[in-house]
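Per-entry structural report
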Amino acid sequence: MMHIDPLTVLAVVGVVLLALAVMDIVKHKRITPAAKGRLTTALIFAAVLIWHAWQAHP
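So, here is what we can say about the structure in this document. (Residues numbered from 1 in each chain as written. Predicted model: local features only at pLDDT ≥ 70, side-chain atom pairs only at ≥ 80, totals over all residues. Heavy atoms only, no water.)

Overview of the side chain of T32
Definition in use: Each helix is a run of H or I in the DSSP string that is no shorter than four residues. Each strand is a run of E no shorter than two, and both are numbered from the N terminus. Accessible area is worked out with a 1.4 Å probe on protein chains only. A residue is then buried under 20% of its type maximum, exposed over 50%, and partly exposed in between.
Mapped onto the elements of the fold, T32 is located in the loop between α1 (6-28) and α2 (33-56). On the accessibility criterion, T32 (8% relative accessible area) is buried.

Things to note about a nonpolar patch on the surface
To keep things clear, this is the line we draw: Patch rule: a residue counts if its relative accessible area is over 30% and it has no salt bridge; like charges are joined within 9 Å, and nonpolar side chains (Val, Leu, Ile, Met, Phe, Trp, Tyr) within 5 Å. Each accessible area is a Shrake-Rupley result for a 1.4 Å probe, and residues are judged covered by the shown protein chains and nothing else. We count a salt bridge whenever a side-chain nitrogen from Lys or Arg sits within 4 Å of a carboxyl oxygen from Asp or Glu.
A cluster of nonpolar side chains, namely M2, I4, V9 and V13, defines an oily patch on the protein surface of about 410 Å² accessible area. Summarising the element assignment, V9 is placed in helix α1. Look at V9 and you get partly exposed, because its relative accessible area is 41%.

Thoughts on α1
Owing to its 3.6 residues per turn, the α-helix brings residues three or four apart onto one side. Note the following rule: For a helix, the expected span equals 1.5 Å multiplied by the number of residues minus one. Contacts between residues were defined by any pair of non-hydrogen atoms, one from each residue, lying within 4.5 Å.
Compared with the 33 Å implied by 1.5 Å per residue over 23 residues, the 33 Å span of α1 between its first and last C-alpha is a close match. All of the buried residues in α1 are L10, G14, L17, A21 and D24. Close packing links the buried residues of α1 with α2. Where α1 terminates, the next one or two residues include K29, which has phi positive at roughly 60°.

As for the environment of A56
When you line up the elements, A56 lands in helix α2. Overall, A56 belongs to the exposed group, its relative accessible area being 58%. Through-space distance from the C-alpha of A56 to that of L39 is 26 Å; in sequence the pair is 17 residues apart.

By themselves, these figures tell us nothing about what the structure is for.
Laid out in structure tokens, this is it:
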């Protein structure tokens, strides 16, 4: 059975959310509430990934 790393999934979803937020900002020429929510979620995902990398460092 194939093992999928949860951190990889978190990174991929974060990148997708970031891309959707940027596309929304470009389309509407302003930060919409949906784009703000996507950016916030992507930032939280990035913070979790950075925290995990920092904890894994010996």
